[in-house]
Amino acid sequence: MIDHRSFTKKILTENPVLVMAAGICPAVAVTDSAYSGLLLGCGTLLVLLLSSLPVTLMKSIIPEKAACASHIIIIAAITSVIQMLFSSWFPYVTEEVGIFIPLIAVNCIVIESVNGFARNNPALPTLFNGLGAGMGFLIILLLMGIIRESIGKGTLFGDPVFAEDMTLLPFAVLLPGGFFLLSLLAALIKHINRMISQKQKNAKNNHIEEEEISS
Amino acid sequence: MKEIIIIMMTMVLVDNIVLAKALGACSLIKLPASAGRSAAMGLAVTFAMIGATLFTWPLDRYWLVPFDLEYFRIFLFIPLIFLAGYLVTAVLKKAAHSYWESMGCTSSLISANCAVAGIAFINTDQGFTYFEAVYCALGAGLGFTGAMLIFAGMKYKIDKANNIPEAFRGIPAYIMALAILSMVFIGFSQAAAALIS
């Protein structure tokens, strides 16, 4: 139950990109096409899951002093594996994403959840936390990739969206366009979170009032 | 000499690592608005970039490329980059301990910085010589520091403004400001590119 709740929390109220401002760099720089956003999101999710599992299982073996260094080596090794797999499976998209695949290893989301969460928690909550953070990142990347590609290039996953060869707003593919879209999404999620918390507060107040009336 | 000046001008003005490549945007948004703190952070990141390039460039050129071991790049570079960040933090702590403590900068903010790692990976692909690579790292660090100082001023103004809509307060407003700064910079960098070429 707790695991399930922490999973949804990571996607909406504690979204790593929009609320915690971690991993903004790849979220803006890569998402000019939906494919590369999807690829980088999947890569980050895989690295997050595969590197937090050994860390959480070996936390009694790794001494406190060597913790940070060994975590970095684990993350670097898994990122290399992911990069090799991706460059053999999806060579063109990997070429497009470029240096951001190696930069998964220094992504704030990965470092924070491996160093902070996986070190101090048992295996199952760690997996749920990693899955939630990775999915939150993946959803934002995919959403931004879809919006920016369809508005800026007139295509979606490489296929044309509109009947004719037209583009609505080429600015969306540029870097400032990505920042603008990210800002709008962050404002939207902040608004949604505020509405949810207000509703919960109202419900609690109503509950207290009802109790007072009934008593 | 001329090439070095062109590389540095390019890294600071045209290919600015934050505003034209979006590397290291997280640390711009996360750090509080203070010019002193931004300058210290920029300085530390510059040193870390130079340190990382000093280690990684020779390793790549004289060991990985001749023996066709490029697939080891990530596995070897990431720990070296973290080592460089750790060393810079340790030296700065020794040199100016009280100042550094008051800054509240942690080593993870420098080591886990996309800009530091990004410059180490970018440098290997560009066919630079050793000195050019180091100057490229220096230029990138200066560009990062400049962007950081400009953004600290913008953040100060945003924090003081009281007519921002409720939903945009905090991080959304910072990202919007970064978008505007980046837009300004793209226009400016095209003029600068025309000037250099």
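Residues numbered from 1 in each chain as written. Chains lettered and ligands numbered in written order. Predicted model: local features only at pLDDT ≥ 70, side-chain atom pairs only at ≥ 80, totals over all residues. Heavy atoms only, no water.

## Overview of the environment of B:T145
Residues and elements named next belong to chain B. What counts here: Strands are runs of DSSP state E lasting at least two residues, helices are runs of H or I lasting at least four, and both sets are numbered from the N terminus onward. Each residue gets one of three labels from its accessible area relative to the maximum for its type: buried under 20%, exposed over 50%, partly exposed in between, using a 1.4 Å probe on protein chains only. When checking whether two residues touch, look at their non-hydrogen atoms; a contact exists if any pair is within 4.5 Å.
Counting through the fold element by element, T145 comes out in helix α8 (residues 130-160). Residue T145 is classed as buried on the basis of its relative accessible area of 15%. Sequence-wise, T145 and V18 are 127 residues apart; in three dimensions their C-alpha atoms are separated by 9.7 Å. For T145, the contacting residues outside a window of four places in its chain are A39, G42, L43 and T46.

## Here we look at the nonpolar core
Note on soluble globular proteins: their nonpolar side chains tend to be buried together. Just so we agree on the cut-off: By nonpolar core is meant a set of buried Ala, Val, Leu, Ile, Met, Phe, Trp, Tyr and Cys residues that side-chain atoms within 4.5 Å join together.
Among the nonpolar cores identified, the biggest contains 107 residues, and A:I24, A:L103, A:F179, A:L182, B:I17, B:M49 and B:I78 are the most heavily contacted of them. The residues contacting B:I78, other than those within four sequence positions of it, are A:I72, A:A76, A:P102, A:A105, A:V106 and B:F121.

## Notes on the pattern of salt bridges
Residue and element names in this part refer to chain B. Under the convention used in this document: The salt bridge definition used is simple: a Lys or Arg side-chain nitrogen within 4 Å of an Asp or Glu carboxyl oxygen.
Under the definition given, this model contains six salt bridges over all chains. Here D60 ties to R73 by a salt bridge, and the two come within 2.9 Å at their closest N and O atoms. Taken as a pair, D60 in helix α3 (residues 35-64) and R73 in helix α4 (residues 73-95) lie far apart in primary sequence, 13 residues in all. According to the relative accessible area criterion, D60 is buried, its value standing at 3%. Judged by relative accessible area, which is 16%, R73 ranks as buried. A salt bridge links E166 to R169; its shortest N-O distance comes to 3.1 Å. Linked through salt bridges whose partners overlap, the residues forming this network are D60, R73 and D125.

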